[in-house]
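Structure assessment
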Amino acid sequence: MTVGCLGDIAFEVSAKSIKTIRDATWSGSASIATHQRHLQNSLQEFVGIDPDSFTFNFRISAWLGSNPLTDINKLFEYERSGTAVRLIIGGRGYGKYRWLIKKHKVTLEHYDKWGNLVGADIAVTLTEYTRG
């Protein structure tokens, strides 16, 4: 059963495959300008909202029914081309529109006896991409 996706990278749970996110954090902030005034207190002004960020980790394992290099290559392609992708978890879309992959970290965990990658942990940082 598919429980979510990031673009074409599906998060799923079944008898043959397990690929789910963990340690997810969604954060946002306001943009505040500080105006310095001579011999007076500074004046704060709300000037807008900064883009939200979303971070999470997931594990890809050939033993759990996934091909690590396939998903890693998709992730790299999204990041390096600046492709804005949807983030859906549990049938709910997150964010106002789409997300850009700002940063990733791949920990290459396990290899088979021929040196092929069979397991990796991936940390992803997304930044919100809104329509103009």
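This report concerns the structure included in the present document. (Residues numbered from 1 in each chain as written. Predicted model: local features only at pLDDT ≥ 70, side-chain atom pairs only at ≥ 80, totals over all residues. Heavy atoms only, no water.)

**Observations concerning helix H1 (residues 68-81)**
Threshold: Where helices and strands are cited, they refer to DSSP runs of H or I of at least four residues and of E of at least two residues respectively, numbered from the N terminus. To estimate how far a helix should extend, the number of its residues minus one is multiplied by 1.5 Å. Throughout this description, buried means an accessible area under 20% of the type-specific maximum (1.4 Å probe, protein chains only), exposed means over 50%, and partly exposed covers the range between. Here the arc refers to the directions that run from the helix axis out to each C-beta atom.
End to end, H1 covers 20 Å across 14 residues, agreeing with the expected 20 Å (1.5 Å per residue, within 8%). Within H1 the residues assigned to the buried category are Pro68, Asp71, Ile72, Leu75 and Tyr78. One side of H1 holds all its buried residues, which, seen down the axis, span an arc of 125 degrees. Among the exposed residues of H1, those pointing more than 90 degrees away from its buried face are Glu77 and Arg80.

**Overview of the nonpolar core**
Let me state the cut-off plainly: In these notes, a set of buried Ala, Val, Leu, Ile, Met, Phe, Trp, Tyr and Cys residues joined through side-chain atoms within 4.5 Å is what counts as a nonpolar core. Contact definition: two residues touch when any of their heavy atoms are within 4.5 Å.
One finds Leu6, Phe56, Leu87, Val124 and Leu126 to be the most contacted residues of the largest nonpolar core, which totals 20 residues. If you list the elements that add at least two residues to this core, you get strand E2 (9-13), strand E7 (53-61), H1, strand E10 (98-111) and strand E11 (117-129). A total of five residues in this core trace back to one element, the largest contributor, which is E11. Not counting the four nearest positions on each side in its chain, Val124 is found in contact with Phe54, Thr55, Phe56, Phe58, Leu75, Ile101, Lys103 and His104.

Any link to function would need more than the numbers given here.
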